[in-house]
Amino acid sequence: DAGITQSPRYKITETGRQVTLMCHQTWSHSYMFWYRQDLGHGLRLIYYSAAADITDKGEVPDGYVVSRSKTENFPLTLESATRSQTSVYFCASRDVYSNQPQHFGDGTRLSIL
Amino acid sequence: EDKVVQSPLSLVVHEGDTVTLNCSYEVTNFRSLLWYKQEKKAPTFLFMLTSSGIEKKSGRLSSILDKKELFSILNITATQTGDSAVYLCAVGSRTSYDKVIFGPGTSLSVIP
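Residues numbered from 1 in each chain as written. Chains lettered and ligands numbered in written order. Predicted model: local features only at pLDDT ≥ 70, side-chain atom pairs only at ≥ 80, totals over all residues. Heavy atoms only, no water.

**Description of the pairing of strand β1 (residues 4-7) of chain A**
All names here are of chain A. What counts is decided by this rule: To sort residues, take the accessible area from a 1.4 Å probe on protein chains only and compare it with the maximum for the residue type: under 20% means buried, over 50% means exposed, and anything in between is partly exposed. A helix here means a DSSP run of H or I that spans at least four residues, while a strand means a run of E at least two residues long, and both kinds are numbered starting from the N terminus. Pairing between two strands requires that DSSP report at least two bridges joining them.
Residues I4 and Q6 point to one face of β1 and are all buried, whereas T5 and S7, pointing to the other face, are not buried. Inspection of the sheet shows β1 paired to strand β3 (residues 19-25) by four bridges, in the antiparallel sense. Directly across from I4, in β3, lies its bridge partner Q25.

**What to know about the state of the cysteines**
Residues and elements named next belong to chain B. Under the convention used in this document: Note that a disulfide, as used here, is simply two cysteine sulfur atoms within 2.5 Å.
Inspection of the entire model under this criterion finds two disulfides over all chains. C23 shares a disulfide with C89; S-S distance 1.9 Å. Handedness here is read from the sign of the S-S torsion; for C23 and C89, about -70 degrees, the answer is left-handed. Within this pair, whereas C23 is found in strand β3 (residues 19-26), its partner C89 is found in strand β9 (residues 85-93), the two being separated by 66 residues in sequence. Exposure class is identical for C23 and C89. Each is buried.

**Details of the pattern of salt bridges**
When their charged atoms lie close together, side chains carrying opposite charge are able to pair. Rule in force here: Salt bridges, as used here, are contacts in which a Lys or Arg side-chain nitrogen is within 4 Å of a carboxyl oxygen on Asp or Glu.
Under the criterion given, the structure shown has six salt bridges over all chains. Its salt-bridge partner being A:D38, residue A:R36 comes within 2.8 Å of it at the nearest N-O pair. Accessibility expressed as a relative area gives 8% for A:R36, which makes it buried. Given a relative accessible area of 15%, A:D38 falls into the buried group. Measuring nitrogen to oxygen at the nearest pair gives 3.4 Å for the salt bridge that ties B:D2 to B:K99.

**A word on the interface of chain B and chain A**
The following threshold applies: Only heavy atoms matter for contacts: two residues are in contact if any of them lie within 4.5 Å across the pair. By buried area we mean how much accessible surface two parts lose on assembly, using a 1.4 Å probe and totalling the loss over both. Any pair of nitrogen or oxygen atoms within 3.5 Å is treated as a polar contact; in protein, a donor-acceptor pairing is required on top of that, and neighbouring residues in sequence qualify only through side-chain atoms on both sides.
If you look at the interface, chain B gives 17 residues, while chain A gives 19 residues. In terms of surface lost to chain A, no three residues of chain B exceed B:K41, B:Y97 and B:F102, which account for 36% of the buried area on that side. Applying the counting rule to chain B against chain A returns zero salt bridges. Linking chain B to chain A there are two residue pairs in polar contact (both at pLDDT 80 or more). Secondary-structure elements contributing two or more residues to the side of chain B that touches chain A are β4 (30-38), β5 (43-49) and β10 (100-102) of chain B. Top element by residues in the side of chain B that touches chain A is β4(B). It accounts for four residues.

**Brief notes about the pairing of strand β7 (residues 61-66) of chain B**
Residue and element names in this part refer to chain B. In this structure, strand β6 (residues 56-58) lies alongside β7, joined through three bridges in antiparallel fashion. Paired with K57 across the strands is S62, a residue of β7. Relative to strand β8 (residues 71-76), β7 runs antiparallel, the two sharing six bridges. Within the sheet, the bridge partner assigned to L65 lies in β8 and is S72. In this antiparallel pair of consecutive strands, β7 and β8, the connection spans four residues, and L70 shows a positive phi of 60 degrees.

**Considering the environment of B:S63**
Residues and elements named next belong to chain B. Tracing the backbone shows S63 in strand β7. Relative accessible area serves as the criterion here: at 2%, S63 is assigned to the buried category. Expressed as a C-alpha distance, the spacing of S63 and N75, which sit 12 residues apart in the sequence, is 6.1 Å. Contact partners of S63, with chain neighbours within four places excluded, come to W35, F47, L49, I54, E55, K56, S72, I73 and L74. A distance of 2.9 Å separates a polar atom in the side chain of S63 from the backbone oxygen of I73.

Laid out in structure tokens, this is it:
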């Protein structure tokens, strides 16, 4: 099925480890986004990408790295995980036209012990 | 600083009740206001509003925007248990990437 898929759905890791969350979309959308969702904060933007090889920081980028070598993939890497990065991570994509809404993946629940 | 405020933050109603969820915003260079429904997983898109006073409707859900007073409401009539979810309000801003600012959400529980 076409859409946006995230993997893994659940991940438990330890502080200091590197972990990569995957996001894949089949719509050929230009824009892709990574959010984290925490109680009391709602959805906060970590990084976004306007096209392949074009990425930029959002509201809370510290401790995260992204890349976008292909239009359909937008992985998010925590280079050295910390407990404060325990969260639910959502990937989203949107067509280039600004009157279109973002569409979200099902999320990755990440726990850092 | 851009912000989106929702009220109430949580709400419990009985099936058949009508509910009104509120969203107010202070966002630079407003472009659009969006409503999403979030159950266990991904937020799913409900409405996008760009013009004041024009109601958008989908079944038992409707929404309207007031750009002068900077708020929107989401109405749900004849609520059902399947309406139980978190309802997110988001505001799009005219930036280089059409930044979207999300509110904290309203958690709605509909009990039989």
